[in-house]
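Remarks on the overall topology
Chain by chain, the residues run as shown.
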Amino acid sequence: MSESCKILEEPEVVDDPRQLCRFRDRSKCDALQRLQLLVTIGQLGRRVTTLEALAGRVIEVLDEALELEVTVLALLEERALRPVAWRGVVLDASRRQELDPFLMELLLSEKHATSDRWRWTEAQGQVEAVLALGLRGRALGTLHLSRLSAAATESGIGFEGDVRDADFLEALGQSISVVLDHVRVHEEFALERAQFRTVVDNIPQAVMLFNRHEEVLLINEEAKALVGRSQWDRVGDDEHSFETLDGQQQVVPRSEWPLLRAIRTGEGCTDEEYVLNFGGFRRHILLNVIPVAGEDGRAHSFVATAQDITARSQYDQRKDEFLAVASHELRSPLTPLTGFLHLARRQCERGEQVDLDVLLRAEQQVLRLRRLIDGMLDMSRIETGQLLLHRRPVDLAKLCYHVLDPWHASHTANAFALELPEAAIVADVDPDRLEQVVTNVIDNAVKHGRRGGKIIVRLSRHGSSAVICVIDEGDGMDAQTLARVFDRFYHGSGKPALSSSMGLGLYLSRQIIEQHGGEIGIESAPGSPTVVEIRLAAH
């Protein structure tokens, strides 16, 4: 304790209950008060996390400690000063003041100056000091103090005459600059972290950052959704609801999990395919693990990215399935066609008249081949978005009659009936495509309905919709078959058939009707008639 102060040994009434000692030497009292002010300002950076909040607290502390008429703290933004906290004056926080040569030189020097040449207001102060706030060559703003020549008082820190204590003002500016820079760095770090988090969360891939202690440092929402977990703290925990399979569908041992393997070996992986088996479903992923080396060259952390390629794998599977079905189906009509043509050639070589039935049967196989090729082309157009509709107003009753008429002569085993309303129903459709759909539906009714049974084609209006129904007297379908009946290559057995057709009829029909803006649905149950309903917008 300084010899210039003594502890109060006897209670006495004082203005400030916090006062513990009186100073015989006033200058030493001022020095301690100023030191305490600098310490208080230095501690503000621990309590606030934004520049504007810090500026407000600095002004409060200065207002309590110094006898000042006007105090303004301004931050530098794009070569202009914006006031963020003040006392003794009314300012507009949105108003910015461009830097003049005086302030520009002051900020570059990172010092302070006393001048009446630059003010935020016209209010008169005995002396104005402008402190440059900046650190490490970066200008942060300015602090403006008015009335610095007040005499020392019991309640505040005074300045003697014209001396104005240059050392203290410089120390004050430096102290404020340090806490401003600290909070600025904290703000920038928080902003960059938030921006980084936003970017990571919006990357259309699963991303995880983990260290060599198996601790998960960051995981985005895509990764949580991929593995079905809302929280993942450690890479090697046992809370996974899936097992990891390799490309040969073999279970990967825990020690060979790619993330744990990277920690053990310090090496990553590139484009490795795995399957996450959740029991009821599977996800195919493409995994990359990248080691992040520290200054010592060792991998202290790792970034893992995973892309869900389930859709691509399913597409590849469908493509392989399509090639298998297509190759068989295209070959099926070629075999009898080759036989019929060979028979016709031999008849010609022997000078015999070519059997008309042979030619008709060969023609049927050509037509079958054409339908298969047309179906494959339509499927390709639909999946590439290139199926074009040539729509025009069409009388649906005439269209239904035109479609059903050939069936009466060519399929005498079944009875066909056409039920039409009295009033005409017109819709904007592509007539060729709609005929294709109705023909597909009737063809299915003939194939899967009861032989000799009745097939009804019914046209009606329901509100603003035209409805075409095809009803057969077959054995109906179970729920499993009904759920998949519009899938391509599906024939009702759960597997693609390789003998009758490619299983594209109802698949193509649904796509065509939906491109018309309509709907197609099926009602059926075991032992009950099957009703296929096509609903389109009518005039």
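Higher on the page you've got the structure.
What comes next is a walk through the structure. These figures come from a predicted structure and were not determined experimentally. (Residues numbered from 1 in each chain as written. Predicted model: local features only at pLDDT ≥ 70, side-chain atom pairs only at ≥ 80, totals over all residues. Heavy atoms only, no water.)

**Quick word on the nonpolar core**
- Within the largest apolar cluster, 44 residues are counted, with the highest numbers of intra-cluster contacts made by L434, V441, I442 and I534.
- In this view, I534 contacts V437, V438, V441, A466, V467, I468, I513, E519 and I520; residues no more than four positions away in its chain are not counted.
- Of all hydrophobic cores here, the second largest spans 32 residues; its members include I41, A85, L131 and L133. (Core = buried A, V, L, I, M, F, W, Y, C linked by side-chain atoms within 4.5 Å. Buried < 20%, exposed > 50% of the residue type's maximum accessible area, 1.4 Å probe, protein only. Contact = heavy atoms within 4.5 Å.)

**Brief notes about the packing of helix α9 (residues 396-410) against helix α10 (residues 431-448)**
- For the pair α9 and α10, interaxial distance at closest approach is 10 Å and the crossing angle is 45 degrees. When the axes of α9 and α10 are compared, the pair comes out oblique. Here the hand of the crossing between α9 and α10 comes out right-handed. Counting all contacts with α9, which are made through L396, L399, H402, V403, L404 and W407, the residues of α10 involved are P431, L434, E435, V438, T439, I442, D443 and V446.
- Of the residues assigned to the contact of α9 with α10, the class counts are 10 nonpolar, two polar and two charged. (Axes fitted to C-alpha atoms, helices over the stretch in contact; angles between N-to-C directions. Helix = DSSP H or I, 4+ residues; strand = E, 2+ residues; numbered from the N terminus. Parallel < 35°, antiparallel > 145°, perpendicular 65-115°, else oblique. Left-handed = near helix turned anticlockwise from the far one by under 90°. Nonpolar A, V, L, I, M, F, W, Y, C, P; charged D, E, K, R; others polar.)

**Description of the sheet that holds strand β11 (residues 243-245)**
- In space, the six strands of this open sheet follow the order β10-β9-β14-β13-β12-β11, with antiparallel pairing throughout. Because the sheet does not close on itself, it has two edges, and the strands there are β10 (216-219) and β11. The average angle at which neighbouring strand axes cross in this sheet is 30 degrees, direction not considered.
- Judged from the nine bridges that link them, strand β13 (residues 282-293) and strand β14 (residues 299-308) form a sheet pairing that is antiparallel. (Pairing = 2+ DSSP bridges.)

**As for the side chain of D181**
- With respect to the helices and strands, D181 occurs in helix α4 (residues 166-202).
- With a relative accessible area of 5%, D181 lands in the buried category.
- Aside from chain neighbours lying at most four places away, what touches D181 is L135, R136 and L140.

**So, unusual backbone geometry**
- Here E78, not a glycine, exhibits a phi torsion of approximately 55 degrees, which is positive.
- Tracing the backbone through its elements, the reader meets E78 in the loop between β3 (70-76) and β4 (80-87).
- Taking the relative accessible area as the measure of exposure, E78 reaches 72% and is therefore exposed.

**As for the pairing of strand β12 (residues 269-277)**
- As paired elements, β11 and β12 share three bridges and run antiparallel to each other. The residue of β12 that forms the bridge with E243 is N277.
- Connecting the antiparallel pair β12 and β13 is a turn made up of four residues, with G279 showing a positive phi of about 90 degrees.

**Considerations on the packing of α10 against helix α12 (residues 505-515)**
- Following both chains from N to C, one finds α10 and α12 inclined at 145 degrees, their axes separated by 9 Å at the closest point. The handedness of the crossing between α10 and α12 comes out as left-handed. Together, R433, L434, Q436, V437, N440, V441 and N444 of α10 and G505, L506, L508, S509, I512 and I513 of α12 make up the contact between the two elements.
- Here the residues of the contact of α10 with α12 are counted per class, giving seven nonpolar, five polar and one charged.

**Points about the pattern of salt bridges**
- Inspection of the entire model under this criterion finds 26 salt bridges.
- The partner of D357 in a salt bridge is R361, and the shortest N-O contact between them spans 3.9 Å. Remark: R361 and D357 occur in helix α8 (residues 356-383); sequence separation between them is four residues, near one turn of the helix.
- For R361, a relative accessible area of 41% gives the class partly exposed.
- When the shortest N-O distance is used, the salt bridge between E533 and R535 registers 3.1 Å.
- With relative accessibility at 26%, the residue R535 sits in the partly exposed group.
- Bridged by salt links that share partners, the residues E52, E77, E78, R82 and R96 form one connected network. (Salt bridge = Lys/Arg side-chain N within 4 Å of Asp/Glu carboxyl O.)

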